[in-house]
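Residue-level structural notes
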Amino acid sequence: NKHDHTSTPSASGGSGGMMSMSLHFGVHETILFSQWTTSSNPDFALSCVAVFLFAYCYEWLLSYRAMLTQRAHDTKDRRDDSWHIVSIVHAFVLLMSYCLMLIGMTYNVLLLLSIASGAGTGYYMFGRRRIASSPNTHANESLETGCH
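These lines cover the structure that appears in this document, whether it is placed above or below. The residue numbers shown here count from 1 along each chain, following its written sequence. Given that this is a predicted model, residues contribute local features only at a pLDDT of at least 70 and side-chain atom pairs are listed and counted only at 80 or more, while totals for whole chains, interfaces and linings are drawn from all residues. Computation of side-chain values covers all heavy atoms of the structure but excludes hydrogens and water.

Okay, the overall build of the protein next. Only DSSP runs of H or I with at least four residues qualify as helices, and only runs of E with at least two residues qualify as strands; both kinds are numbered from the N terminus onward. Summing up its helical and strand segments, the protein has four helices and four strands in all. Each helix (α) and strand (β) of the protein, taken in turn from the N terminus, gives the series β-β-β-β-α-α-α-α. Counting every position in the protein, which comprises 148 residues, the buried fraction comes to 32%. With a 1.4 Å probe rolled over the protein chains alone, any residue whose accessible area is under 20% of its type maximum counts as buried; one over 50% counts as exposed, and the rest are partly exposed.

And the structure:
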């Protein structure tokens, strides 16, 4: 059963290039760019691995941004360029999150699972660092222990 986004009838009844708006399985996908298309099981499997790694790297980048933000916050020297770097990393985080959303908008169940498992694995690997570098960590610890 071939899934083809270009032959889906549009809401007006004509044949427009609308994509399926329901969850589906299939190997025939266009992912982010017209050049990134899959038409066979090996192509699609490789794309799922790439999406998994992209989501995994997204979680790493979130942790890296948290660490940079904490360092910039702790820096006493106001001439430091660390906020420029944090802003650039933030822009990449934003770009990656939109790309992951667009991949999810293919409604392909296996691509959605690749995103979720990559992000989950990345959060498991790097999430503790993000929590540890949070500016509110010390405040939360003092509230929990009752210490000031």
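Structure shown, so let's carry the discussion forward.
Before going further, it helps to examine the packing of aromatic side chains. Between 30 and 60 degrees the pair is tilted, below 30 it is stacked and above 60 it is edge-to-face, where a pair is any two Phe, Tyr or Trp rings, Trp via its six-membered ring, whose centres lie within 6.5 Å. A complete count under the given rule lists two aromatic pairs for this structure. When the centroid spacing of 5.3 Å and the interplanar angle of 65° are considered together, the rings of Tyr56 and Phe126 count as edge-to-face. Here Tyr56, found in helix H1 (residues 41-74), pairs with Phe126, found in helix H3 (residues 109-132); they are 70 residues apart in sequence, far enough to count as distant. A relative accessible area of 22% places Tyr56 in the partly exposed class. Taking 5.1 Å as the distance between ring centres and 10° as the angle between the ring planes, the aromatic pair formed by Trp60 and Tyr64 counts as stacked. Placement of the pair is Trp60 and Tyr64 together in helix H1, with a separation of four residues, close to one helical turn. Owing to a relative accessible area of 37%, Trp60 belongs among the partly exposed residues under this scheme. Exposure remark for Tyr64: the relative accessible area of 30% places this residue in the partly exposed category. The residue whose ring lies beneath Arg128 is Tyr124, and the NZ or CZ to ring-centre distance is 5.4 Å. Charges are assigned to positions over rings by a cutoff of 6 Å between ring centre and Lys NZ or Arg CZ, combined with an angular limit of 35 degrees from the ring normal.

With respect to the helices, strands and loops of the structure, Ser63 is situated in helix H1. Residue Ser63 is classed as buried on the basis of its relative accessible area of 6%. For this analysis, residues touch if any pair of their heavy atoms sits within 4.5 Å. For Ser63, the residues in contact, after removing those within four places along its chain, are Phe126, Gly127 and Arg130.

Residues enter a patch when their relative accessible area is above 30% and they make no salt bridge; the linking distance is 9 Å between like charges and 5 Å between nonpolar side chains (Val, Leu, Ile, Met, Phe, Trp, Tyr). The Shrake-Rupley method, run with a 1.4 Å probe sphere, supplies the accessible areas, and residue values consider only the shown protein chains as cover. Counted as salt bridges are all cases of a side-chain nitrogen of Lys or Arg within 4 Å of a carboxyl oxygen of Asp or Glu. Nonpolar side chains collect at one region of the surface, where Leu32, Phe33, Leu94, Tyr98, Met101, Leu102 and Met105 lie side by side and expose about 660 Å² of accessible area between them. Topologically, Phe33 is positioned in the loop between strand S3 (29-30) and strand S4 (37-38).

The subject of this paragraph is helix H2 (residues 82-104). The first and last C-alpha atoms of H2 sit 33 Å apart over 23 residues, in line with the 33 Å expected at 1.5 Å per residue. Looking only at H2, the buried set comprises Ser82, Val86, Val89, Val93, Met96, Cys99, Leu100, Ile103 and Gly104. One fewer than the residue count of a helix, multiplied by 1.5 Å, yields its expected span.

Let's shift gears to the side chain of Thr38. Along the chain, the position of Thr38 falls in strand S4. Definition of a polar contact: a pair of N or O atoms within 3.5 Å, with one able to donate and the other able to accept a hydrogen when the atoms are protein atoms, and with sequence-neighbouring residues admitted only if both atoms are side-chain atoms. A polar contact of 2.3 Å, which involves the side chain of Thr38, links it to the backbone oxygen of Val27. Contacts of Thr38, omitting those with residues within four sequence positions, involve Val27, His28, Glu29, Ile31, Asp43, Phe44 and Ser47.

On to unusual backbone geometry, then. The bulk of non-glycine residues show a negative phi, and the bulk of peptide bonds are trans. Although it is not a glycine, Leu32 sits at a positive phi angle of roughly 70°. Along the chain, Leu32 falls in the loop between S3 and S4. Judged by relative accessible area, Leu32 falls into the partly exposed class, the value being 32%. The phi dihedral of Tyr107 falls on the positive side, at around 65°, and the residue is not glycine.

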